[in-house]
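# Fold and geometry: a report
Residues per chain are reported as follows:
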Amino acid sequence: MDVRSREVTIPAGEVDLVADLLVPEETTGVVLFAHGSGSSRHSPRNVAVAHVLNRSALGTVLVDLLTPAENQVDERTAELRFDIGLLARRLAGIVDWLATEQPFGPAPAGAAGGLPIGLFGASTGAAAALVAAAERPEPVRAVVSRGGRPDLAGPALGQVRAPTLLLVGGLDEQVIALNEQAQDALPDTAELTIIPGATHLFEEPGALEQVSHEAATWFTTHLH
C-alpha cells in the first residue's frame, strides 16, 4: 500500500507542535500517538507500530507533545513528561485539529463527521491519551496503551467511553499490577493483554510485532 509522509505544524492551545503524518491511499481511520517518558515522534518502536497500522489503511500522527524549549527543560528536570494534564490538553487540541482540518480526507460516504480517531499511548503517554479520550468521547473511538501507566489518568478513567486495550509485557510485573487496577476503573470494553516473555520496552524478538498486530486488530475493529 502506498503511504505518503509529510511534516505539519499543529496548533495545540498556546503552542504549535511538529508532527509527522503518514497517509495511506485509502484512509479509514486515524491513530494519534502519545509518546512516553523522554521519547519523541522519532521513537523507533512507535514508528514501527505506525507502519503496521498504515498497512491496515489507518493514517497515523506522530507528534512531539513538548516544544523544543520545553523538551530541554524536561531533559534536566523530567517534570513535564509527568504533567498528564498538560499532555492531555495538547492531545485534545490535536484531536480537535484533526476533526476540523481533516488532513487525511473526509469520512467515507454515509459516515457522520470526520474520520474516527484512535489514540495510542506509551508509558506516561497512555495516561494522557485516556484523559484526552474522556474529554473527547465523540471523535475518539478507541485507545491502545503499550506498557502504559493508565493509573496516572486518575478519576478520568471512569469517564472513558472508548474501547481500551492495555498491552503489557509479561515480565513487567509492577506495570501489570497498575494496569489491572486501571482496568477495574475503566468501562467493560477495556481489555488487558499480556505479551508473554516481554519486558517494559518490548525489546525481545517478536514482542513488538505482537504489540503491532494487537493494536492493528483493535483499531481496525473499532475504527473501520
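Data block above holds the structure.
Residues numbered from 1 in each chain as written. Predicted model: local features only at pLDDT ≥ 70, side-chain atom pairs only at ≥ 80, totals over all residues. Heavy atoms only, no water.

From N to C terminus, the protein chain includes six helices and eight strands. Tracing the protein chain from N to C terminus, the helices and strands come up as β-β-β-α-β-α-α-β-α-β-β-α-β-α. The C-alpha atoms of the protein chain give a radius of gyration of 16 Å, which matches the 17 Å a tight globule of 224 residues would have. The dimensions of the protein chain, computed from C-alpha atoms along their principal axes, are 45 × 35 × 35 Å. Within the protein chain, the proportion of its 224 residues that are buried is 54%. Taking all contacts inside the protein chain whose residues are at least 6 apart in sequence as the whole, residues at least 24 apart take part in 67%. In the structure as shown, the protein chain presents an accessible area of about 9700 Å², 49% of it carried by carbon and sulfur atoms. Computed over 14 positive and 28 negative side-chain charges, the separation of the two mean positions in the protein chain equals 4 Å. (Helix = DSSP H or I, 4+ residues; strand = E, 2+ residues; numbered from the N terminus. Rg over C-alpha atoms; globule rule 2.2 N^0.38 Å. Buried < 20%, exposed > 50% of the residue type's maximum accessible area, 1.4 Å probe, protein only. Contact = heavy atoms within 4.5 Å. Areas by Shrake-Rupley, 256 points an atom, 1.4 Å probe, with all protein chains shown as cover. Lys, Arg positive; Asp, Glu negative; His and termini not counted. Charge placed at Lys NZ, Arg CZ, Asp CG, Glu CD.)

All chains considered together, the criterion is met by seven salt bridges. The shortest N-O distance in the salt bridge between aspartate 20 and arginine 41 comes to 3.1 Å. You can see aspartate 20 sitting in strand β2 (residues 15-24) and its partner arginine 41 sitting in the loop between β3 (29-34) and α1 (44-54), a full 21 residues away along the chain. Aspartate 20 sits in the buried class, given a relative accessible area of 16%. (Salt bridge = Lys/Arg side-chain N within 4 Å of Asp/Glu carboxyl O.)

Moving on to the sheet that holds strand β1 (residues 3-12). What the eight strands build is an open sheet, ordered β1-β2-β4-β3-β5-β6-β7-β8; its pairing is mixed. Lying at the two open borders of the sheet, with one neighbouring strand each, are β1 and β8 (191-195). Going from strand to strand, the sheet's axes swing by 20° on average, the running direction of each strand aside. Alignment of strand β5 (residues 117-122) against strand β6 (residues 140-146), held across six bridges, turns out to be parallel. Across the sheet, the residue bridging to alanine 122 is arginine 146, located in β6. Seen against the sheet, α1 touches β1, β2, β3, β4 (58-63), β5 and β6 and runs at an angle of roughly 160° to β4. Helix α3 (residues 84-101) rests against β1, β2, β3, β4, β5 and β6 of the sheet, and its axis sits at about 120° to β1. (Pairing = 2+ DSSP bridges. Axes fitted to C-alpha atoms, helices over the stretch in contact; angles between N-to-C directions.)

A separate point is the nonpolar core. When a protein is soluble and globular, its nonpolar side chains tend to lie buried together. Counting residues in hydrophobic clusters, the biggest one holds 48 residues, and the most contacted among them are Val61, Ile94 and Leu119. Among the secondary structure elements, those contributing two or more residues to this core are β1, β2, β3, β4, α3, β5, α4 (124-135) and β6. A total of nine residues in this core trace back to one element, the largest contributor, which is α3. In this view, leucine 119 contacts Leu32, Val95, Ala129, Ala132, Ala133, Val140, Ala142, Val143, Val144 and Phe219; residues no more than four positions away in its chain are not counted. Counting 24 residues, the second-largest nonpolar core is a separate cluster that includes Val31, Val49, Phe120 and Ala198. (Core = buried A, V, L, I, M, F, W, Y, C linked by side-chain atoms within 4.5 Å.)

Interaxial distance between α3 and α4 falls to 8 Å at its minimum, and their mutual angle equals 55°. With respect to α4, the axis of α3 lies oblique. Considering only the axes of α3 and α4, their crossing is right-handed. When α3 is examined against α4, the residues Ile84, Leu87, Ala88, Leu91 and Ala92 are found in contact with a partner set consisting of Thr124, Ala127, Ala128, Ala129, Val131, Ala132 and Glu135. (Parallel < 35°, antiparallel > 145°, perpendicular 65-115°, else oblique. Left-handed = near helix turned anticlockwise from the far one by under 90°.)

Phi at alanine 57 is positive, roughly 65°, even though this residue is not glycine. Within the secondary structure layout, alanine 57 lies in the loop between α1 and β4. You can call alanine 57 buried: its relative accessible area is 11%. In this structure, serine 123 is a non-glycine residue whose phi angle is positive, near 55°. Classification of serine 123 as buried rests on a relative accessible area of 15%.

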